[in-house]
Amino acid sequence: DWGIQVPINEKHVIYVWFDALTNYYSALGPGSERCEKFWPCDVHLVGKDIVRFHTIIWPIILMAAEIELPKKVFGHGWLLLSEGKMSKSKGNVVDPNVLIDKYGVDAIRYFLLRDMPFGQDGQYSEEALVKRINTDLANDFGNLLSRSTSMIDKFGEGQIPTPGPVTELEQEIVGLAKEITTQVDLLMERLELNNALTAIWRLVGRANKYIDEVAPWALAKDPSKRDYLDTVLYTLAEVIRIVTILATPFMPRLADKVWIQLGIEKEIDAHSWESTKAWGGIPTGTKINRGEPIFPRIDLATLELNEEEQPGKSKEQEGKSVKAEVKNTDTEEIPGVAQISIEDFFKVDLRVAEVINCEKVPKADKLLKLQLKVGQEERTVVSGIAMHYQPDELIGKKVILVANLKPAKLRGIESQGMILAASDDKGNLEVVTIASGLESGSVVK
């Protein structure tokens, strides 16, 4: 601890002792090379409840000591649970170390930075965490890496090929990569970290869509398309390289795992932030090393079994909540419809799905067989809507799918989910569709 004299006027001087605040500066070692390098800091990050100490008292102390002020002070929000702010007295504190052991530090960092607008309060629940991991990390980025390395391994003899001719599709992706790299720089300067991650995942989504558009497996069957196939494989590898670099500040352990799979762990020039400014940084001829999924999908059913382990719930409280739910079902507000809790609602996985094919089920007047694209997955769903729709009316439509419904066999066809539709007492029925440009696989909240 140390202190300074702060003059109030000609007669009065306050001798201020301070420890915690000065540690930001004194810990660097005043006068040392380290202090010269890191002070004044670019961003002084504090919780919103102590902003006044760090924007009034702390600057006064620094100015009195003739020390430069931080360039920027940023107050971040709170992470809230459904019952409000975390509190030791309530016993509802979530231990981050337990979550890290369970899901990995990169996944936890990604969720908090993606779902919590920096500067505002954010909501936490383990269900939301798992859904974000499954959707963004496992389905989107993990699937892109897995599919790309698999195709390079199969069609490129395990080496990143030299690209051949390019089309408008590749030019679009190169332009998008440059646009997003610039955008991420600006967003991070403004500390809009969640928006920066959203921008990065636009490139991930575009690359996954690109795979479906060019169908590398079909190109591989045509010897005359060999050169273009090399372009496709190189494009995918380069997108993964750029995305990984942009995502590294958010997920610092991600890069090493990806570089090993792409075979460029020693290519330092291909790892730098500056290298994202230009297309073509991944070396051709590099031998890849396919590995296990970086972000394996998490079984939501397993998570439900672990709900009893959630912090902040005593056995007595769990008993009360069960009794409360039983009581609610006895006093229904809507005749014939039981009330459910938010936990019950979170068990339903609703996804945007695109109808890519539709046909009538033979010898079944009421049934249609729909082929749905759900992100990178295809599913078959049998629906009793044939009396209301012709098959070609639905092709190209984006519908809402109950994605985690247990499969059932109808007329010998396994139906992998259910699409949502509305009906009235006059017999009218209409399938619920999405009119916007939301990608298939998007989560309905």
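Look above for the structure.
To keep things clear, this report deals only with the structure shown in the data block. Source: prediction; values computed, not measured.

Rules used throughout
Residues numbered from 1 in each chain as written. Predicted model: local features only at pLDDT ≥ 70, side-chain atom pairs only at ≥ 80, totals over all residues. Heavy atoms only, no water. Helix = DSSP H or I, 4+ residues; strand = E, 2+ residues; numbered from the N terminus. Buried < 20%, exposed > 50% of the residue type's maximum accessible area, 1.4 Å probe, protein only. Contact = heavy atoms within 4.5 Å. Areas by Shrake-Rupley, 256 points an atom, 1.4 Å probe, with all protein chains shown as cover. Pairing = 2+ DSSP bridges. Core = buried A, V, L, I, M, F, W, Y, C linked by side-chain atoms within 4.5 Å. Expected span 1.5 Å × (residues − 1). Axes fitted to C-alpha atoms, helices over the stretch in contact; angles between N-to-C directions. Left-handed = near helix turned anticlockwise from the far one by under 90°. Nonpolar A, V, L, I, M, F, W, Y, C, P; charged D, E, K, R; others polar.

Let us now look at the overall build of the chain. Counting its regular elements, the chain contains 15 helices and 16 strands. Relative to its 445 residues, the chain shows a buried fraction of 40%. For the chain, the proportion of contacts with a sequence separation of at least 24, taken over those separated by at least 6, is 66%. Accessible surface, the chain as shown: approximately 25,200 Å² in total, 53% of it carbon and sulfur.

A separate point is the pairing of strand 8 (residues 350–360). Alignment of strand 8 against strand 11 (residues 398–402), held across 5 bridges, turns out to be antiparallel. Across the sheet, residue A353 finds its bridge partner in strand 11, namely V399. Across 6 bridges, the pairing between strand 8 and strand 9 (residues 368–374) is antiparallel. Paired with C358 across the bridge in strand 9 is L370.

The next thing to look at is the nonpolar core. In terms of nonpolar packing, the biggest core is built from 66 residues, with F141, W201, M251 and V258 touching the most fellow members. Elements supplying a minimum of two residues to this core: helix 4 (96–103), helix 5 (105–115), helix 6 (126–155), helix 7 (168–189), helix 8 (193–214), helix 10 (226–247) and helix 11 (254–262). Looking at this core, the element that brings in the most residues is helix 10, giving 14 residues. In this structure, A386, V399, L401 and I419 belong to the second largest nonpolar core, which totals 17 residues.

In this section: unusual backbone geometry. Omega for the peptide link from W39 to P40 comes to 5°, which places this bond in the cis form. By the secondary structure assignment, P40 is in the loop between helix 2 (33–38) and strand 3 (44–47). For E157, which is not glycine, the phi torsion reads 55° and is therefore positive. Structurally, the position occupied by E157 is in the loop between helix 6 and helix 7. Overall, E157 belongs to the exposed group, its relative accessible area being 69%.

Attention shifts here to helix 10. Each α-helix turn comprises 3.6 residues. Residues three or four places apart therefore point the same way. Helix length check: helix 10, at 22 residues, gives a terminal C-alpha distance of 32 Å against a target of 32 Å (1.5 Å per residue), a fit within 8%. With 20 of its 22 residues buried, helix 10 lies for the most part within the structure.

Each pair of packed helices gets described by two things: the angle between the helix axes and the distance between those axes. At a closest axis distance of 13 Å, the pairing of helix 4 and helix 6 adopts a crossing angle of 35°. In this structure, helix 4 crosses over helix 6, and the sense of that crossing is right-handed. From helix 4, L99, K102 and Y103 reach across to helix 6, where they touch E126, L129, V130 and I133. For the contact of helix 4 with helix 6, the class distribution of residues is 5 nonpolar, no polar and 2 charged.

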